[in-house]
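If you want the building blocks of each chain, they are given just below.
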Amino acid sequence: MIRVLTVPDVLALDADELLSRGDVVQASEKYYKAVEEGIKLLARKYELNDILSRVKEKGFWDMKDLDDAVYELSKMLNKKEIIEYWESAILIINASLYPEDLREEAKKVKEFVSLFDEITNRGVD
């Protein structure tokens, strides 16, 4: 089976490369973006229409929209770890982490990306 990389996959891989070169700031942005984009895509996949209509009306996603989507997806999919992954993404983007701390939080981002891939590839073969 051929594995197609998703947007979150590509962002996480880019972040890994940046971190390996010592670019903590850019890596942090990419790790955060991997989770953010995954949440947005899942919100569309699972038709979280209340949130999506707010976003469409405003023309952009704000933190409340993302938080609401995280909590809705967590309940809908019975995956409370989505909240933990989102919390890691928020920490990554808001804190100036040392490389070793970023690597630790990045593990949670990669767990989210794996879960995202599992969810989005259900029934695809």
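Everything that follows concerns the structure shown earlier in this document.
Residues numbered from 1 in each chain as written. Predicted model: local features only at pLDDT ≥ 70, side-chain atom pairs only at ≥ 80, totals over all residues. Heavy atoms only, no water.

**Q** So what's going on with the overall build of the protein chain? Residues and values would help.
**A** The helix and strand inventory of the protein chain stands at 6 helices and 0 strands. The order of helices and strands in the protein chain, counted from the N terminus, is α-α-α-α-α-α. Scaling as 2.2 N^0.38, a compact globule of 125 residues should have a C-alpha radius of gyration of about 14 Å, and the protein chain matches this with 14 Å. If you line up the protein chain on its principal axes, its C-alpha atoms span 40 × 40 × 25 Å. Residue burial in the protein chain is summarised as follows: out of 125 residues, 41% are buried. Excluding contacts between residues fewer than 6 apart, the proportion of contacts in the protein chain whose partners are at least 24 apart in sequence is 60%. Counting every atom, the protein chain has about 7400 Å² of accessible surface; 51% of that belongs to carbon and sulfur. Averaging the coordinates of the 19 positive side-chain charges in the protein chain and doing the same for the 27 negative ones gives two points 2 Å apart. (Helix = DSSP H or I, 4+ residues; strand = E, 2+ residues; numbered from the N terminus. Rg over C-alpha atoms; globule rule 2.2 N^0.38 Å. Buried < 20%, exposed > 50% of the residue type's maximum accessible area, 1.4 Å probe, protein only. Contact = heavy atoms within 4.5 Å. Areas by Shrake-Rupley, 256 points an atom, 1.4 Å probe, with all protein chains shown as cover. Lys, Arg positive; Asp, Glu negative; His and termini not counted. Charge placed at Lys NZ, Arg CZ, Asp CG, Glu CD.)

**Q** Outline unusual backbone geometry, supporting the account with residue identities and numerical values.
**A** One non-glycine residue, E47, adopts positive backbone phi at about 50°. Looking at the secondary structure, you find E47 in the loop between helix 2 (24-45) and helix 3 (49-58). When its relative accessible area of 55% is taken as the criterion, E47 is described as exposed. Residue N78 is not a glycine yet carries a positive backbone phi of 55°. With relative accessibility at 68%, the residue N78 sits in the exposed group.

**Q** Before we move on, could you go through a nonpolar patch on the surface and cite the residues and values that matter?
**A** Together, L5, V10 and L13 give the surface a local cluster of nonpolar side chains, amounting to about 240 Å² of exposed area. For L5, a relative accessible area of 43% puts it in the partly exposed group. (Patch = residues over 30% accessible without salt bridge, like charges linked within 9 Å, V, L, I, M, F, W, Y side chains within 5 Å. Salt bridge = Lys/Arg side-chain N within 4 Å of Asp/Glu carboxyl O.)

**Q** Just give me the short version of the packing of helix 2 against helix 6 (residues 99-120), but keep the residues and values in it.
**A** Running from N to C, helix 2 and helix 6 cross one another at 25°; their axes reach a closest spacing of 10 Å. Comparing the axis directions of helix 2 and helix 6 gives the class roughly parallel. For the pair helix 2 and helix 6, the sense of crossing is left-handed. Contacts from V24, A27, S28, Y31, A34, V35, G38, I39, L41, L42 and K45 in helix 2 reach P99, L102, A106, V109, K110, F112, V113, F116, I119 and T120 in helix 6. Taken together, the residues of the contact of helix 2 with helix 6 sort by class into 16 nonpolar, 3 polar and 2 charged. (Axes fitted to C-alpha atoms, helices over the stretch in contact; angles between N-to-C directions. Parallel < 35°, antiparallel > 145°, perpendicular 65-115°, else oblique. Left-handed = near helix turned anticlockwise from the far one by under 90°. Nonpolar A, V, L, I, M, F, W, Y, C, P; charged D, E, K, R; others polar.)

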